[in-house]
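Survey of secondary and tertiary structure
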Amino acid sequence: MPTLEVRDLYVSVDGKEILKGLNFAINKGEIHALMGPNGSGKSTLAYTIMGHPKYKIESGDILFEGKSIIEMKPDERAKLGLFLAFQYPVEVPGVTLFNFLWKAIQANNLDSTSPRVSKLPKSVIDYKRELIDRVKNLNMSEIFIYRPIGVGFSGGEKKRMEILQMAMLKPTIAFLDEPDSGLDIDSLKTVADVVNSIRSQDLGIVVITHYQRILNYIKPDFVHIMLDGRIVKSGGPEIVEKLEQEGYAWIRETTAESAD
Amino acid sequence: MQATKKKIDIDYTKYDFKDEIKYVYQSKRGLSREIVEEISYWKNEPDWMRRFRLHSLEVFLKKPMPTWGADLSEINFDEYIYYIKPTDRKGKSWDEVPEKIRQTFERLGIPEAERKFLAGVGAQYESEVVYHSLREDLMKKGVIFVDIDTAVREYPEIVKKYFGTVVPPEDNKFAALNSAVWSGGSFVYVPKGVKVDFPLQAYFRINAESVGQFERTLIIAEEGASVHYIEGCTAPVYSEDSLHSAVVEIIALPGSHVRYTTVQNWSKNVYNLVTKRAVAYEGAFVEWVDGNLGSKVTMKYPAVYLLGRGAKAEILSIAYAGAGQHQDTGAKVIHVAPYTTSNIVSKSISKDGGRTSYRGLVKVQKGAVGVKSTVKCDALMLDEFSRSDTYPYMEIDEELVSIGHEATVGKISEDQLFYLTSRGLTESEALTLVVLGFIEPFAKELPLDYAIELNKLIKLEMEGAIG
């Protein structure tokens with residue numbers, strides 16, 4: 001049984017169908033890359049799995065460890081061990097990252113039976129120690145954690161804020177929605193290093209991206225190509241190279257052929 | 001989770017309790033010349049004050065009810081009890097305060113706060129101040145912090161010089177009412193150059209039903225002096241409305257600094273109609289930090305008249321209106337002198353059909369060159385039943401000035417909630433967090449214990465914000 005499984009999923013947003021029969025599965029310990037042109041539905045998949053109320057499931061199912069989660073609220077899904085690193089995190093004036101993340105960890109700690117939760121800090125002292133450690137690994141100043149969430153953050157800082165939260169919350173399956181967009185090469189490497197440092201048998205990661213660049217640093221086990229609301233091609237890292245050389249036209253051609 | 005809920009419940013009963021007290025004297029309902037004479041008689045006042053009261057009563061009777069602002073049509077002046085004398089004695093130590101009343105203030109945490117971080121405390125119960133203290137070293141430096149009734153008798157020259165000069169009875173109907181029947185409140189006098197390092201606090205408590213509380217506070221900071229005065233207000237919930245109509249006058253002489261902090265959490269059947277005004281002379285700095293959580297209706301617009309060159313005003317306020325509440329609050333700054341600056345920040349939250357209004361005035365008189373003023377109003381509406389309005393008035397009669405105004409009305413976005421809940425917070429926890437973040441610029445200006453208390457109150461109000 002895969003850790004997370006998406007079965008024949010149809011999703012619409014504001015009445016417009018975006019996902020059209022998508023199938024996908026990931027196990028803990030694996031890294032998947034989800035690629036595809038703009039508008040193919042990559043982010044929609046991530047948002048739907050996390051439970052954004054705007055994304056309406058028309059049919060199909062999402063299973064976490066064999067159980068359907070589609071009736072669950074976002075916070076319940078988070079507590080199961082799902083995580084989404086946002087492409088565009090919001091701003092919350094007046095609420096520091098430090099306070100928010102501690103509240104989030106406390107909320108996750110409520111389910112004391114899960115093995116994932118046993119790895120979360122239990123006291124604010126342990127929390128702070130770990131947080132500062134991880135902030136340093138991201139090449140950021142400690143002041144960062146006392147700033148309000150997202151307010152006045154640069155694009156790169158926002159990406160790091162997301163990776164920092166992932167590292168702290170220790171999810172089982174994490175979606176990183178374009179963690180590379182807008183990053184210069186040094187920031188990209190830093191983000192990739194941190195992601196690699198938390199790779200483990202207990203964590204499955206889905207990297208959503210347009211470009212192969214980040215996949216030079218975060219090596220995926222599996223690569224999927226999305227087109228028009230479906231995964232049309234899956235395989236190993238070799239797909240990335242071919243995609244880089246021939247573009248999405250190559251995929252379009254091959255899928256058109258198979259459709260015939 | 002359970003533990004937090006329980007704590008909040010206890011917190012609520014903290015304010016909503018009633019005492020059975022035998023009062024020394026209680027006037028009969030309604031307002032008349034006779035009642036005013038009675039109050040003056042019980043206070044054993046000098047004649048000038050008696051005449052001031054009677055004159056004010058006439059002004060009050062002549063003035064029509066204000067028709068702008070909040071709905072005051074349900075106020076019936078004949079229904080209120082205008083004066084209740086709870087005790088004969090005024091305590092200098094808590095032991096001298098009648099036991100029942102002392103217990104009230106203990107439940108409200110006042111003596112504890114006094115031990116921890118206050119330089120002086122005044123506690124008013126119904127119409128009279130029942131306890132007053134001031135740290136001895138400040139007393140030696142000439143600082144005066146007494147109830148104003150005492151001040152009228154013991155410091156007549158200085159009281160007579162300033163009383164009613166900043167807010168005359170003619171100012172508005174409720175200032176006139178207060179001037180006629182005022183009782184209790186604080187008198188603060190800080191001599192030249194003296195800096196009062198810890199806050200002075202007054203606590204106002206209405207206990208009886210249908211009572212009117214009309215305290216009057218007068219603060220004088222001499223040249224270069226500084227003081228921070230805090231007031232807190234609560235009352236239990238009764239079926240009949242109560243009326244709180246205070247007047248606060250601040251005189252900030254050259255180079256002085258006065259900060260006046262209020263957190264009112266009146267029960268939701270109190271009409272809270274207050275006139276607060278300061279005058280700031282050359283280089284003086286006046287700050288109003290004004291938090292309005294409770295009451296049925298509040299109309300309050302803390303004002304600063306910047307009379308001296310380089311004087312400065314900061315008015316920072318929050319208003320929270322839940323079901324059945326209307327917070328009509330704001331700020332007023334009159335730039336009379338050149339190179340004066342003002343900064344107004346107003347934040348309001350409305351929920352469950354509550355209504356908030358920001359009503360503000362920035363006026364620059366001709367000749368007040370080099371004035372700088374910024375106004376920022378942010379309103380947050382938590383549902384579609386609630387309402388928020390902004391009435392920013394500007395009267396600028398001088399060209400060489402810099403005036404900025406910015407207003408936002410917002411709702412908590414779906415994306416904000418999704419982001420916060422996607423990390424494990426429930427929707428209600430996420431909402432509370434956004435609201436606490438919204439009022440953070442206000443909370444951080446409060447002493448720590450007050451900020452904690454404020455956050456608790458907001459959490460309590462937010463509970464069950466989501467159906």
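No experiment lies behind these values; they were computed from the predicted model shown.

What counts as what
- Residues numbered from 1 in each chain as written.
- Chains lettered and ligands numbered in written order.
- Predicted model: local features only at pLDDT ≥ 70, side-chain atom pairs only at ≥ 80, totals over all residues.
- Helix = DSSP H or I, 4+ residues; strand = E, 2+ residues; numbered from the N terminus.
- Rg over C-alpha atoms; globule rule 2.2 N^0.38 Å.
- Buried ≥ 20, exposed ≤ 12 C-beta atoms within 10 Å, placed from the backbone.
- Contact = placed C-beta atoms within 7 Å.
- Axes fitted to C-alpha atoms, helices over the stretch in contact; angles between N-to-C directions.
- Parallel < 35°, antiparallel > 145°, perpendicular 65-115°, else oblique.
- Nonpolar A, V, L, I, M, F, W, Y, C, P; charged D, E, K, R; others polar.
- Domains from an automatic or database assignment.
- pLDDT = per-residue confidence, 0-100.
- Expected span 1.5 Å × (residues − 1).
- Arc of directions from axis to C-beta.
- Left-handed = near helix turned anticlockwise from the far one by under 90°.
- Pairing = 2+ DSSP bridges.
- Core = buried A, V, L, I, M, F, W, Y, C linked by C-beta atoms within 7 Å.

Describing the overall build of chain A
When helices and strands are tallied, chain A shows 7 helices and 12 strands. For 260 residues, the compact-globule formula gives about 18 Å, and the C-alpha radius of gyration of chain A, at 18 Å, lands near that figure. Referenced to the eigenvectors of the C-alpha coordinate spread, the extents of chain A come out at roughly 60 × 40 × 35 Å. Looking at chain A residue by residue over its 260 residues, the buried ones come to 42%. Contacts in chain A between residues far apart in sequence, at least 24 positions, make up 71% of those at least 6 positions apart.

Some details on the packing of helix α5 (residues 155–169) of chain A against helix α6 (residues 185–197) of chain A
All names here are of chain A. α6 packs onto α5 with a crossing angle of 5° between their chain directions and a minimal axis gap of 10 Å. As far as their axial angle goes, α6 and α5 are roughly parallel. Only Ser187, Val191, Val194 and Val195 of α6 make contact with α5, whose side of the interface consists of Gly156, Lys159, Arg160, Ile163 and Ala167. Grouping the constituent residues of the contact of α5 with α6 by class yields 5 nonpolar, 2 polar and 2 charged.

Thoughts on the domain arrangement of chain B
Residue and element names in this part refer to chain B. Each domain of chain B was delimited in the assignment, giving domain 1 (2–300) and domain 2 (413–467). A separation of 30 Å is found between the C-alpha centroids of domain 1 and domain 2. Each partner contributes to the interface: domain 1 provides 12 residues, whereas domain 2 provides 12 residues. A class-by-class count of the residues in the side of domain 1 that touches domain 2 yields 8 nonpolar, 3 polar and 1 charged.

Some thoughts on the interface of chain B and chain A
If you look at the interface, chain B gives 19 residues, while chain A gives 25 residues. Residue assignment for the side of chain B that touches chain A shows that the elements contributing at least two residues are α10 (414–421), α11 (427–438) and α12 (440–443) of chain B. Looking at the side of chain B that touches chain A residue by residue, the class counts come to 8 nonpolar, 6 polar and 5 charged.

Concerning unusual backbone geometry
Residue and element names in this part refer to chain A. Unusually for a residue other than glycine, aspartate 14 sits at a positive phi of about 50°. Inspection of the secondary structure assignment puts aspartate 14 in the loop between β1 (4–13) and β2 (16–26). The class of aspartate 14 is exposed, set by 8 C-beta atoms lying within 10 Å.

With respect to the confidence of the model for chain A
Should the pLDDT be low somewhere, the predicted coordinates at that spot are not to be read in detail. In this model, chain A carries a mean pLDDT of 92, and residues with pLDDT of at least 70 account for 98%. Confidence scores differ between elements of chain A, with helix α7 (residues 238–259) of chain A showing the lowest mean pLDDT of 77 and strand β6 (residues 82–85) of chain A the highest of 98.

Brief notes about α6(A)
All names here are of chain A. Compared with an ideal rise of 1.5 Å per residue, which puts 13 residues at 18 Å, α6 spans 18 Å between its outermost C-alpha atoms and is within 8% of the ideal. The complete set of buried residues in α6 reads Leu188, Thr190, Val191, Ala192 and Val195. Structurally, α6 contributes buried residues whose contacts are with α5 and β10 (204–209).

Describing the environment of A:Met72
All names here are of chain A. Turning to its location among the elements, methionine 72 is positioned in the loop between β5 (67–68) and α2 (74–80). Considered as a pair, methionine 72 and methionine 50 are 22 residues apart in the sequence and their alpha carbons are 9.2 Å apart. If sequence neighbours within four positions are ignored, methionine 72 has contacts with Gly51 and Arg77.

What about helix α4 (residues 99–107) of chain B?
Residue and element names in this part refer to chain B. If you check which residues of α4 are buried, you get Ile101, Arg102, Thr104 and Phe105. Take α4 and look down its axis: the buried residues cluster within an arc of 155°, on one side only. At its buried positions, α4 is contacted by α5 (110–117), β3 (120–125), β4 (128–134) and β7 (200–205). Following α4 by one or two positions, glycine 109 adopts a phi angle in the positive range, close to 80°.

Some details on the packing of helix α3 (residues 97–109) of chain A against α5(A)
All names here are of chain A. Taken N-terminus to C-terminus, the directions of α3 and α5 make an angle of 30°; their axes are 11 Å apart at the nearest point. It follows from the interaxial angle that α3 and α5 lie roughly parallel. For the pair α3 and α5, the crossing hand works out as right-handed. Residues Leu97, Leu101, Ala104, Ile105 and Asn108 of α3 touch α5, and the partners they reach there are Met161, Gln165, Met168 and Leu169.

Description of the sheet that holds β4(B)
All names here are of chain B. Read across the open sheet, the 10 strands follow the order β4-β3-β7-β10-β13-β15-β18-β20-β22-β24; overall the sheet is mixed. Each end of this open sheet is capped by a strand with a single partner; those strands are β4 and β24 (401–411). Recorded for the sheet is a direction-independent mean angle of 5° between the axes of neighbouring strands. As judged from the 10 bridges shared by strand β20 (residues 341–350) and strand β22 (residues 371–381), these two strands associate in the parallel manner. Its bridge partner being in β22, lysine 347 is matched across the sheet by aspartate 378. The strands touched by helix α13 (residues 448–462) within the sheet are β13 (257–265), β15 (285–292) and β18 (312–321), with β13 carrying the most contacts at an inclination of about 30°.

Points about the nonpolar core
Counting residues in each nonpolar core, the largest one holds 216 residues, and the members touching the most others are A:Val207, B:Val188, B:Ile250, B:Ala252, B:Ala280, B:Val286 and B:Val304. Residue assignment places this core across two domains, with domain 1 (2–300) and domain 2 (413–467) of chain B each supplying three or more.

Focus: the sheet that holds strand β3 (residues 31–35) of chain A
All names here are of chain A. Pairing is mixed in the open sheet, where 6 strands are placed in the order β6-β9-β10-β3-β11-β12. Every interior strand has two partners, whereas the edge strands, β6 and β12 (230–235), have only one. Strand-to-strand twist in this sheet, taken as the mean axis angle between neighbours without regard to direction, amounts to 20°. Bridging between β3 and strand β11 (residues 222–227) involves 4 bridges; their strand directions are parallel. What sits directly across from leucine 34, in β11, is histidine 224. With respect to the sheet, α5 is in contact with β6 and β9 (173–177), its orientation differing from that of β6 by roughly 165°.

With respect to the pairing of strand β10 (residues 226–234) of chain B
Within a regular beta strand, the side chains point alternately toward one face of the sheet and then the other, so they alternate between its two faces. Residue and element names in this part refer to chain B. Most of β10 is tucked away, with 8 of its 9 residues classed as buried. Examined bridge by bridge, β10 and β13 share 9 bridges and lie parallel to one another. Within β13, the position partnered with serine 226 by the bridge is histidine 257.

Concerning the environment of B:Glu38
Summarising the element assignment, B:Glu38 is placed in helix α2 (residues 33–43). Considering only alpha carbons, one finds B:Glu38 and B:Tyr83, 45 residues apart in sequence, at a separation of 9.1 Å.

Describing the confidence of the model for chain B
All names here are of chain B. The predicted model of chain B averages 89 in pLDDT, with 94% of residues at 70 or higher. Predicted confidence is poor over residues 1–13, with pLDDT under 50, and the contacts of this stretch with residues over four places away or in other chains come to 7 contacts. Listed scores for the predicted complex are pTM 0.85 and ipTM 0.96.

With respect to the environment of A:Ile163
Residue placement: A:Ile163 occurs in helix α5. Note: C-alpha distance between A:Ile163 and A:Val194 (31 residues apart in sequence) is 7.7 Å.

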